Amino acid sequence: MKFGTKLIHNGNEIDKTTGALSIPVYQVSTYHQEDIDKGQEFDYSRSGNPTRKALEDTIAKLEGGDRGFAFSSGMAATSSVLSTFSSGDHIIVCEDVYGGTYRITTNFFNRFKLDITFVDASDINAIKGSIRNNTKALFLETPSNPLMKIIDLKSAVEIAKQHGILVIVDNTFMSPYLQRPLELGADIVVHSATKFIGGHSDVIGGLAAVKGAELAKRVYFVQNGFGAVLGPQDSWLLLRGLKTLKVRMDYQQNNANRLAQWLKTNKHVKKVYYPGLEEHPGRNIHMSQADGAGAVLSFETVDTEMAKRFMKNVKMAAVAVSLGGVETIASYPVKMSHASIPKPERERLGISDSLIRISVGLEEIDDLIEDFERALS
Ligand SMILES: *Cc1c(COP(=O)(O)O)cnc(C)c1O
């Protein structure tokens, strides 16, 4: 079955008790137990809920995992997965990882003696050189945010396997439609489902898909133990969003391609970062591990003034953090997502004051280009 069909027919599309074509919102905390001597599938909604389970089974199927988990946010998914490790374990994290992940690893998990090293993971030798005896996992994100750097997932998996290290991938930017790290040998995928999976800027949620029963058990223990679970209503919204993932992504990606090509020709734009562009440094690796370049791009204007002018004058894009919604969103990383990173460190990473990130939406591309042209001039 092709991916787009799987979004509609994945075994979780029909409610087993009523035949409803939409899994009902099981707004319930506890369940009547027929026989206290017998176990039953659902007994308490932190431990399991039918609406959440339909979503969890769906993400497992879509990512090619053995088990799926739904959390109250993308950060809850990442934090819960990191909580499966123990004090003294060493984890290698790609250096331009999502800001929230940077924050919890440097200000929270370090207090529990999780040993973290940040590396430029687009350089496979840098990963190799950071492996120690106590290294337990690689935590990767590709393409990265906001500069769309690419990590070679197959090579990273190969190195990890040689050393018995787990590979965790934050797959938020691509979604399972465009990239399925578990099929490339990774062990755990995490998502901010707030972005493309939800797709409508109306829900905060996180997902994980895991390979292997043993690892799934470890993640389930934390999910049930910590209890950062997704509620039934939000689970339903994500199930609903997933049904249109492919058509949204196809259209938004096509828009992003057109916009990236156009931005390149604009005299107020200095540089465009998009893995769909011929000249993008990681393009070949990206296209060998993903089925498209996605719908997020960044660009640098000629100077800071121009970037500020664009952010002030753009009308067709909402000025906001977040991405992956039906509406185009423009964000200014140095004042928004990356504000907490000290300026010298930001500059070392290449995140300048004239950088703008765009999550391209479902508007008609001619309208977007016309508006961007006006905002830049
Ligand atoms: C937004 C985001 C997160 C965090 O997800 P929340 O749902 O906001 O908690 C993690 N990783 C990436 C790549 C993101 O874009």
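All right, on to the site of the ligand then. Ser73, Gly74, Met75, Tyr98, Glu141, Asp170, Thr172, Phe173, Ser192, Thr194, Lys195 and Gly205 make up every residue found near the ligand. Between an oxygen atom of the ligand and a main-chain N or O atom of glycine 74, the distance comes to 2.9 Å. The side chain of lysine 195 places a nitrogen or oxygen atom 2.7 Å from an oxygen atom of the ligand. Within the complex, the protein chains bury 92% of what would otherwise be the 380 Å² of accessible surface of the ligand. Across the shell around the ligand, the residue classes tally to three nonpolar, six polar and three charged.

As for its position among the elements, threonine 172 is in the loop between β5 (166-170) and α7 (175-178). Placed 152 residues apart in sequence, threonine 172 and glycine 324 show a C-alpha to C-alpha distance of 9.0 Å. Excluding anything up to four places from it in sequence, threonine 172 contacts Val190, His191, Ser192, Lys195 and Phe196. Within the local environment of threonine 172, its side chain forms a polar contact with the backbone nitrogen of serine 192, the two atoms lying 2.9 Å apart.

Applying the stated rule across the entire model yields 17 salt bridges. Lysine 53 serves as the salt-bridge partner of aspartate 57, at 2.8 Å between the closest nitrogen and oxygen. In this pair, aspartate 57 and lysine 53 both sit in helix α2 (residues 50-63), four residues apart, roughly one turn of the helix. Classification of aspartate 57 as partly exposed rests on a relative accessible area of 28%. Connected through salt bridges with shared partners, the residues Glu41, Lys53 and Asp57 form a single ionic network.

Direction vectors running N to C along helix α3 (residues 74-82) and helix α4 (residues 99-107) enclose 35°, while the axes themselves pass 10 Å from each other. For the pair α3 and α4, the crossing hand works out as right-handed. Along its contact with α3, which presents Met75, Thr78, Ser79 and Leu82, the element α4 presents Gly100, Thr101, Ile104 and Thr105. For the contact of α3 with α4, the class distribution of residues is three nonpolar, five polar and no charged.

Attention shifts here to the domain arrangement of the protein. Per the domain assignment, the segments of the protein are domain 1 (3-243) and domain 2 (245-376). Centre-to-centre separation of domain 1 and domain 2, based on C-alpha positions: 26 Å. Taken together, the contact between domain 1 and domain 2 spans 35 residues of the former and 38 residues of the latter. The junction of domain 1 with domain 2 conceals about 3,100 Å² of combined surface from both sides, 63% of it contributed by carbon and sulfur atoms. For domain 1, the biggest contributors to the area lost against domain 2 are Leu147, Leu178 and Phe196; these three give 23% of the whole. Among the ionic pairs, arginine 180 bridges to aspartate 291, the shortest N-O distance being 3.7 Å.

Counting buried positions over the five residues of strand β1 (residues 67-71) gives four, a clear majority of the element. Here β1 pairs with strand β7 (residues 206-210) via five bridges, running antiparallel. In the sheet register, alanine 70 faces β7, and the bridge partner there is leucine 207.

A few words on the packing of aromatic side chains. The geometry of an aromatic ring pair comes down to the distance between the two centres and the angle between the two planes. With the rule as written, the count across this model stands at seven aromatic pairs. Between phenylalanine 108 and phenylalanine 109 the ring centres are 5.1 Å apart and the planes differ by 90°, which places this aromatic pair in the edge-to-face class. A relative accessible area of 6% places phenylalanine 109 in the buried class. Ring pairs connect the aromatic residues Phe108, Phe109 and Phe112, which therefore count as one cluster. Against the face of phenylalanine 85 rests arginine 218, its NZ or CZ located 5.5 Å from the ring centre.

Thresholds, definitions, all that
Residues numbered from 1 in each chain as written. Predicted model: local features only at pLDDT ≥ 70, side-chain atom pairs only at ≥ 80, totals over all residues. Heavy atoms only, no water. Near = heavy atom within 4 Å. Polar contact = N/O pair within 3.5 Å; in protein donor to acceptor, adjacent residues only side chain to side chain. Areas by Shrake-Rupley, 256 points an atom, 1.4 Å probe, with all protein chains shown as cover. Nonpolar A, V, L, I, M, F, W, Y, C, P; charged D, E, K, R; others polar. Helix = DSSP H or I, 4+ residues; strand = E, 2+ residues; numbered from the N terminus. Contact = heavy atoms within 4.5 Å. Salt bridge = Lys/Arg side-chain N within 4 Å of Asp/Glu carboxyl O. Buried < 20%, exposed > 50% of the residue type's maximum accessible area, 1.4 Å probe, protein only. Axes fitted to C-alpha atoms, helices over the stretch in contact; angles between N-to-C directions. Left-handed = near helix turned anticlockwise from the far one by under 90°. Domains from an automatic or database assignment. Buried area = accessible area lost by both parts, 1.4 Å probe. Pairing = 2+ DSSP bridges. Phe/Tyr/Trp six-rings, centres within 6.5 Å; stacked < 30°, edge-to-face > 60°. Lys NZ or Arg CZ within 6 Å of the ring centre and 35° of its normal.

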